[in-house]
Amino acid sequence: MLDWSVVAAVTRAELRATRRLVRYWVFLALAWLFGIGGFLYYSAGLHRSLSAYSATIAQVGGRYFVAIYGGFYILVFLAGVVFLGFDLRTRDERARIAEVLDARPQTNLELVAGRGLGLLLAAWLPLLGAAGMIQAIGWSIGETVEPYSVVEFVVFMALPALAFGIGLAYLSSVLLRSRILVAVANLALLGGAIFGGNYLPVYLSPVVNIHGAFSLGYPSDMVHFDNLGLGALQRLGVLGVGVGLLGLAAALYPRREASSPRARFAVPALLLAGGVAATSYVVRAQWQLVQNLDRARAHHEGRGDSPVPDLDRVQAQLVLEPGRRLALDATLAFRAPATSPLERALWSFNPGLSVTSLTDASGRTLAFRHEAGLLEVDLPEPLAPGASTTLRLTASGAPETDFGYLDAVRNVFAQSSREAQLFVLGYEPSLFRRSFVALMPASRWLPASGPEVGRNDPRRRPRDYFQLELEVELPEGWLPAAVGRREELPQTAEGRSRFRFAPEGPVAEAALLAARFERRAAEIDGVDFEVLFHPAHRQNLDFFEDAAGEIRDWLAERLREARELGLAYPYGALTLAEVPNSLRTYGGGWRMDSALAAPGLLLVRESSFPTARFDVHFRDPRSFADREGGMARAKREWLERFFESDFTGGNVFVNGARNFFSEITGPYGEGAIVLEHVLQDLANRLVTGKRGYFSVHVFGPELNSVVQQVMIRWFLMQGQPGQRSIVDAAIEAIASRPTVWDALMEVPLARLDPWKDPRTALDVLVLKGDAMAQVLLDMLGRQAAGELLADLREAYRGRTFDRAAVAQRFAEVKPELEEWLALWLDRAELPAFAAESAERYRLPDTAEGEPRYQLRVVVRNEAEVAGLVRVEYFQDLGEDRSRSESTDPLLVPARSRLEFALVTPHPVQRVRVRPYISLNRGPFEVELPPLDTGRTVDRKPLALTRVLPWEPPAEDRIVVDDLDAGFRTVEPERRGWRLGGRATPSETDHGLPAAPPFFFRPPDRWSRAEAPQAWGRYRHTFAFVRGGDPERGAIFEAQLPRAGEWELELHVPLAADRRLGEGSWTVEVGEGEPRTLTFDLGASQSGWNSLGTFSLPEGLVRVTLRSDSKARVLVADAVRWRVREAGENTAHAARH
Amino acid sequence: MGHERSLPPSGPRIQIEGVRHVYGRGVVALDGVSLAVEAGLFGLLGPNGAGKSTLMRIVCTILVPSEGSVRVAGHDVVRECHAVRSLLGYLPQEFSAWRSQRVEEVLDLCAALSGLRDRKARRQRIDWVLGRTGLAAVADRKVKALSGGMVRRLGVAQALVHDPPLLVVDEPTVGLDPQERLRFRQLMTGLAQERTILLSTHIVADLGAGCAELAVLDRGKIVFRGTPADLAAQAQGRVFEMTLPAHEDREDLGEGIEVISRVREGAAVRVRALATSALPPGARPIEEPTLEEGYLAFMAARGRAEAALAEEAAS
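The rules behind these values
Residues numbered from 1 in each chain as written. Chains lettered and ligands numbered in written order. Predicted model: local features only at pLDDT ≥ 70, side-chain atom pairs only at ≥ 80, totals over all residues. Heavy atoms only, no water. Phe/Tyr/Trp six-rings, centres within 6.5 Å; stacked < 30°, edge-to-face > 60°. Helix = DSSP H or I, 4+ residues; strand = E, 2+ residues; numbered from the N terminus. Lys NZ or Arg CZ within 6 Å of the ring centre and 35° of its normal. Pairing = 2+ DSSP bridges. Axes fitted to C-alpha atoms, helices over the stretch in contact; angles between N-to-C directions. Contact = heavy atoms within 4.5 Å. Salt bridge = Lys/Arg side-chain N within 4 Å of Asp/Glu carboxyl O. Polar contact = N/O pair within 3.5 Å; in protein donor to acceptor, adjacent residues only side chain to side chain. Nonpolar A, V, L, I, M, F, W, Y, C, P; charged D, E, K, R; others polar. Core = buried A, V, L, I, M, F, W, Y, C linked by side-chain atoms within 4.5 Å. Buried < 20%, exposed > 50% of the residue type's maximum accessible area, 1.4 Å probe, protein only. Right-handed = clockwise from strand over helix to strand, strands pointing away. Left-handed = near helix turned anticlockwise from the far one by under 90°. Expected span 1.5 Å × (residues − 1). Patch = residues over 30% accessible without salt bridge, like charges linked within 9 Å, V, L, I, M, F, W, Y side chains within 5 Å. Areas by Shrake-Rupley, 256 points an atom, 1.4 Å probe, with all protein chains shown as cover. Lys, Arg positive; Asp, Glu negative; His and termini not counted. Charge placed at Lys NZ, Arg CZ, Asp CG, Glu CD. Parallel < 35°, antiparallel > 145°, perpendicular 65-115°, else oblique.

Q: Please explain the packing of aromatic side chains as it appears in this structure.
A: All names here are of chain A. Applying the stated criterion to the full structure yields 43 aromatic pairs over all chains. A ring pair is formed by Phe-27 and Phe-83, whose centres lie 5.5 Å apart and whose planes are at 15°; its orientation type is stacked. Residue Phe-27 is found in helix α2 (residues 22-50), and its partner Phe-83 is found in helix α4 (residues 66-85); the two are separated by 56 residues along the sequence. Plain terms: the ring middles of Phe-543 and Phe-544 are 5.0 Å apart, the flat faces sit at 90° to each other, and that makes the pair edge-to-face. By the ring-pair criterion, three or more aromatic residues cluster together here, those being Tyr-53, Phe-543, Phe-544, Phe-609, Phe-614, Phe-618, Phe-624, Trp-638, Phe-642 and Phe-643. Positioned over the ring face of Phe-543 is Lys-635, at 3.7 Å from the centre of the ring.

Q: Just to check I follow, could you spell out the sheet that holds strand β44 (residues 1113-1116) of chain A for this structure?
A: Remark on secondary structure: sheet strands pair via backbone hydrogen bonds, oriented parallel or antiparallel. Residues and elements named next belong to chain A. Sheet architecture is open: three strands sit in the order β36-β37-β44, paired in antiparallel fashion. If you trace the sheet from one side to the other, it starts and ends with β36 (1007-1010) and β44, each paired once. Along the sheet, successive strands turn relative to each other by an average axial angle of 35°, direction set aside. As paired elements, strand β37 (residues 1021-1026) and β44 share four bridges and run antiparallel to each other. Bridging from a neighbouring strand, Val-1025 pairs with Leu-1114 of β44.

Q: Can you walk me through the interface of chain B and chain A in this structure?
A: Interfaces are often described in size by the accessible area the parts lose on coming together. Taken together, the contact pairs 39 residues of chain B with 28 residues of chain A. At the junction of chain B and chain A, the tally comes to four salt bridges. Taking the shortest distance from any N to any O, the salt bridge between Glu105(B) and Arg16(A) comes out at 3.6 Å. Our enumeration of links across chain B and chain A arrives at 20 residue pairs in polar contact (both at pLDDT 80 or more). Considering every element that reaches the side of chain B that touches chain A, the biggest residue donor is helix α3 (residues 103-113) of chain B, with six residues. A class-by-class count of the residues in the side of chain B that touches chain A yields 20 nonpolar, nine polar and ten charged.

Q: Is there a simple way to explain the nonpolar core in this structure?
A: The nonpolar side chains of soluble globular proteins are, as a tendency, buried together. Residue and element names in this part refer to chain A. Counting residues in each nonpolar core, the largest one holds 196 residues, and the members touching the most others are Leu-320, Leu-470, Leu-513 and Phe-614. Take this core: its biggest share by element is 19 residues, from helix α20 (residues 758-795). Residue contacts for Leu-513: discarding those within four places in its chain leaves Val-437, Ala-438, Met-440, Leu-479, Pro-480, Ala-481, Ala-577, Val-579, Leu-601 and Leu-603. Within the second largest apolar cluster, 133 residues are counted, among which are Ala-9, Ala-13, Ala-95 and Met-157.

Q: How should I be thinking about the pairing of strand β7 (residues 166-170) of chain B in this particular structure?
A: Along any regular strand the residues' side chains alternate between the sheet's two faces. All names here are of chain B. The buried fraction of β7 amounts to five of the five residues, a majority that puts the element mostly inside the structure. Burial of β7 is two-sided: the residues Leu-166, Val-168 and Asp-170 facing one way and the residues Leu-167 and Val-169 facing the other way are all buried. Here strand β6 (residues 88-91) pairs with β7 via four bridges, running parallel. Bridge pairing in β7 places Leu-88 opposite Leu-166. The sheet contact formed by β7 and strand β8 (residues 196-201) spans five bridges and is parallel. Bridged to Val-169 within β8 is Leu-199. Handedness of the crossover joining β7 and β8 through helix α6 (residues 178-191): right-handed.

Q: What's the story with the pattern of salt bridges in this structure? I'm lost.
A: Side chains carrying opposite charge are able to pair once their charged atoms draw close together. Residues and elements named next belong to chain A. Scanning all chains against the criterion turns up 119 salt bridges over all chains. Its salt-bridge partner being Asp-378, residue Arg-344 comes within 3.3 Å of it at the nearest N-O pair. One end of the pair, Arg-344, is in strand β3 (residues 342-348); the other, Asp-378, is in strand β6 (residues 374-383), with 34 residues separating them in the sequence. Judged by its relative accessible area of 41%, Arg-344 falls in the partly exposed class.

Q: Before we go on, may I ask you to explain the environment of Ala657(A) in this structure?
A: Residue and element names in this part refer to chain A. Turning to its location among the elements, Ala-657 is positioned in helix α15 (residues 652-657). Expressed as a C-alpha distance, the spacing of Ala-657 and Ala-336, which sit 321 residues apart in the sequence, is 31 Å. Once residues within four sequence positions are removed from consideration, Ala-657 is found in contact with Val-652, Gln-680, Ala-683, Asn-684 and Thr-688.

Q: What am I meant to see in the packing of helix α4 (residues 119-133) of chain B against helix α5 (residues 148-160) of chain B here?
A: Packed helices, taken two at a time, are described by the angle between their axes plus the distance between the axes. Residues and elements named next belong to chain B. Between α4 and α5, the shortest axis-to-axis distance is 9 Å and the interhelical angle comes to 145°. Seen from above, α4 lies across α5 with right-handed handedness. On α5, the residues touching Arg-125, Val-129 and Thr-133 of α4 are Arg-153, Val-156, Ala-157 and Leu-160. Tallied by class, residues from the contact of α4 with α5 come to four nonpolar, one polar and two charged.

Q: Before we go on, may I ask you to explain unusual backbone geometry in this structure?
A: One non-glycine residue, Ala372(A), adopts positive backbone phi at about 50°. Residue classification places Ala372(A) among the partly exposed positions, given a relative accessible area of 28%. The backbone of Ala73(B) shows a phi angle near 50°, a positive value even though the residue is not glycine. Within the secondary structure layout, Ala73(B) lies in the loop between β4 (67-72) and β5 (75-76). Relative accessible area serves as the criterion here: at 15%, Ala73(B) is assigned to the buried category.

Q: Looking at this structure, how should I read the pairing of strand β10 (residues 221-226) of chain B?
A: Residues and elements named next belong to chain B. Where strand β9 (residues 211-218) lies against β10, five bridges are found, and the strand directions are antiparallel. When the sheet's bridge partners are listed, Leu-214 is paired in β10 with Gly-226. Here β9 folds back onto β10, and the loop between the two strands holds two residues, one of which, Arg-219, carries a positive phi near 50°.

Q: Just checking my understanding: could you explain helix α14 (residues 630-644) of chain A for this structure?
A: For an α-helix, the turn length of 3.6 residues means that residues three or four places apart are oriented alike. All names here are of chain A. Between its first and last C-alpha atoms α14 spans 21 Å; for 15 residues at 1.5 Å apiece the expected length is 21 Å, and the two agree. In terms of burial, α14 is a largely internal element, twelve of the 15 residues being buried. Buried within α14 we find Gly-630, Met-631, Ala-632, Ala-634, Lys-635, Arg-636, Trp-638, Leu-639, Glu-640, Phe-642, Phe-643 and Glu-644. Buried-residue contacts for α14 involve α3 (55-58), α12 (539-543), α13 (548-564), β20 (601-605), α15 and α18 (726-735).

Q: Sorry, what's going on with a negative patch on the surface here?
A: Residue and element names in this part refer to chain A. Together, Glu-787, Asp-791, Glu-794 and Glu-812 give the surface a local cluster of negative charge. Of the residues forming the negative patch, the biggest block, three residues, is contributed by α20. For Glu-794, the location among the structural elements is in helix α20. Classification of Glu-794 as exposed rests on a relative accessible area of 52%.

Q: Please explain the packing of α4(A) against helix α7 (residues 108-141) of chain A as it appears in this structure.
A: Residue and element names in this part refer to chain A. With their axes 11 Å apart at the nearest point, α4 and α7 run at an angle of 155° to one another. Considering the angle they form, α4 stands roughly antiparallel to α7. As for how α4 packs across α7, the hand of that crossing is right-handed. The residues of α7 that touch α4, namely those facing Tyr-69, Tyr-73, Ile-74, Phe-77, Val-81, Leu-84 and Gly-85, are Leu-119, Ala-122, Ala-123, Pro-126, Leu-127, Ala-130 and Ile-134. Residue composition of the contact of α4 with α7, by class: 13 nonpolar, one polar and no charged.

Following this line, the structure appears as structure tokens:
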């Protein structure tokens, strides 16, 4: 037994001794720096300043991320513990007091335990201080940490982690006896744990999750500590192992003791075994979670081809006892498929609910099997094709909240943490807690027809729409949210509340939320609009109170416009409800689309709107005084931007717009995935005018790089004309990747198999599908496009339509649209546009003396498929002002030339062609001839768009572009050893890593970027690399058709005064003994630069570009050869 | 702690029987040592490398003897080490403490480790021992700021802080200045009145007046056992003085003569020496040789005069 007075004395001495070590203070300072610094970064730096800008950013903050910056603190101190505990014995030997201690009667365990406890307190007590300080700072800036998560940090994360670190350090110090060895071994193990935490599958992570980040789940104000379970067990496991290691260190302490080894080793061994057993249990439980899902999926897959009932109506009574059980009494009216009889009715139904009775319409009990969430009901007699019947089902139990999304292409528990960054998007498919219930559709708390597998692929199975009537009984004070208006019914005799939902519109699924919500509601344009939120998150609703009128008006206008387009809101009520952070926000299937939307419901994570810091941006009302609409308008606009820039599935505009179309009807069969995307995107644009982007597939190792790309794109967009949102930047940066373009040109959309490469498939849909929706909108106009959707919705309300139906509607609205649809769906080829010629001149003034300018542009489409462009032109208004205008979509048939002419009151200074989707991949500039505004050309004004006869392009020059076969780069052999080697680029573009066109920090290996200023046949790209290394080069090879005097020109996308900087490039012309020129960047100009004339033989000619030591960047865009006629003269930019 | 923290009123406090200890590479440190230590100060004399520290460590339960047994107050040091440790105060040959700790903090921990649970009692003992060792003035000084002598005194203090009935001190005066040594001897003499002290040294003077019994250990064996007087008697008739003109004084006065000291007296030198055989001409025999001379004579008789002299000189 331990003499605790001895232990206490040793503890005191250790605490004292540790505090007197410089290294202790160094590590403490580092831990505070990382811990408190991390908190300040997340709270003051990110959340307080930026959360109001984006619902995505809002989710990153100090309040719910204690596991991250607290994890930093613990990790730093775990490293510190190594250096504070690595000389358990040797420090006494060094101090020459070891023998004195050895000759004293304390036990080794008392000494080691006392020291361990002292070190633990030395590490833990300041951590308490840090936690207190964090809360104090948080309080002062309005960014407090969720209190339960602080307890979690201090108790569940820190104590076991530190105990483990100390135990490990002491044991290794006893075994190895060399401080250096101990430090190296411990740091290696610590590093290994961190590495393992990143690379092991999530279900194995409890083994290495020493610091315990997120062990107890995602912090929440709404649900906490009522589901400790596995997380707490994992922490106990770590604690057990830590104390066991400490005990082992005592047992192996090199000082003789009279007690038997068995006595010394027994307790540590038990603790170790207990810790390992607890951890193993947690791992096993998580592994079983993966296995259960796999088993369930396999089970459902086994019934994938069975006929599926077509559900017509569901009437259900649900009795909720939150956290304990629910009871369901449901009557299901359904019919057999139109094409086959139904012998068994297959339903997906939550496996946690046990079916207590199942009867048919006549009350006969039916045989059934309910396994792995699949309920197979034997019908008394086969149901003839199209015939209908009813079933009555009663069931009760606690729903299995892990059940759901069986067909998801990613299971985070089976992936490594590095891959599974979508953990931040929540991980619990449903919640059934004492304080909150979120029965999501995928949990199948209501039976859904057919197995789960196949449900998310409209090519395989049509969505099953039905009418719902739902009664919910729940504890008094609780408020449920589902689809449709909530009608309050008389309470039960026990005083429990009852509510009824009976939406007019059909639904394909339903979610049910329930909690002690606070409610704000208003009727807007005949729709009951309500916000349900946690009582602790009232602040932002209060904050936006003065903008409520503005928001109501905005919503009313959207609802009215939708109604006028024939797309009236179908459910009578729309509820925006707050949900806890741990609720999984993404669904299943290949798409894993947002789960924050269900018919009639918009879900908002508590870390999003409810806790974002809008207040800091509206402190000074004076700054909004002169603004149109004042502060109320500003707040509404701010809120729009906030929700629009949610890339985590919470974009309420996109989610809300689903109710207007795809919750009511949808496509089925060939091309259904594309049609669903295009039509819903069109609905988004019509109803809310917003776009959105959500792909869980980017929540992987490349997430940081993706965010970086989006921000760069956003930054680059700031210099461009037109209102572009961060969503546009995200879509361009993510969905416009070279990989996506390559995939898009490989397979026609109708044959796209999204299950092979879901990420790319989704981006292909976004890239081409969004363009299709935009074309529809631009070609038809808003009213006609709305009517097109409304017609489809009305004709197929509560059922699905096929591609032929869409084609027919298209043809009815605009005949050529049918052809376009076929082209989009069945052809992978893209149009290829080039500006052939441009003219601009001044026309005689009008009779009123107003100046007139003529612009004529000929655009060629050199591909075998037709395409659409818009021509954007910028008029010079003088005084450095310009105005941008754009044409309607112009159809350019396959292999044709389109002339576009217009007369403007101001000279056109710039013309840009914007193809919708083409080989060009983006807009390109039209080279305009110089304009002499003082000279009038007496010609007839021309304003037209016409197709000209096809003529092959004139080939009087030989251009070698960076995308041509004649171009290649020379990269020197890598010298020396480099930690980690070179990272494989996530995106390559024609063999080179894709990079943003930034010159201020050029890449250190050849990369390719796109820029409108670059030369290109269709795509305007260039290759570039950091300058200064003469071994790096770019080679352009061309075949000269004949011997003669050839002028060489080099295309430079941006001239010296525009970011290329100083220095020069060398240009070698020819092989063997090439002629070497120096291209002075200071004298270069944007566009073609003549390098001189060379007398060259027929055949291959090579131009090699290199940089000198001063050049910051080497850019290889294109070279051009032009044969010189006798007597021609030209200036050139190179020195021979 | 569960053990009686006092020694039996009579009989040997430490009983060593046939102890042999062999170190790793076959180095025999102790070879059949048997010894009974009674109450009072017991001196263990011997040149460096004789095996004294090994024996001390075995007595203090730090080492397990290869053969033989040691009992302290009847407790076997191997099987009942915990009981033995609760009776001990031990000052090893090389002692220091954690440099960043203060004197009283070191003592407080040592007292607590020895089972003094009550904080007040600990405080009283610390004050007492600080007073006895003359460290009261530096009680709150960090160890790194102590002189070598103070550290040695701290060593004594930690060995005494829990008032052990048995004190084992190994080469306690190494590195101390003469004044500190004197002080230390007085302390040991005083302490020996109330407890058993096993003091190992190669410096004969360290035994002081309080030493009741002693043993000489040489090359791992007990070669002498008796009182200080018995040891001093070993030199009877063999120690002499002679006066030589300064110019005749030589380092080596001849075979069989070991010079103990030289005193210059004007133009002459008074030499005190030990003769292993017959006294030289002119020698004046000393009637009452000292303990050191006894030890030297004893060692000289064993042909180990050089070892004894070297350490005396070094001290």
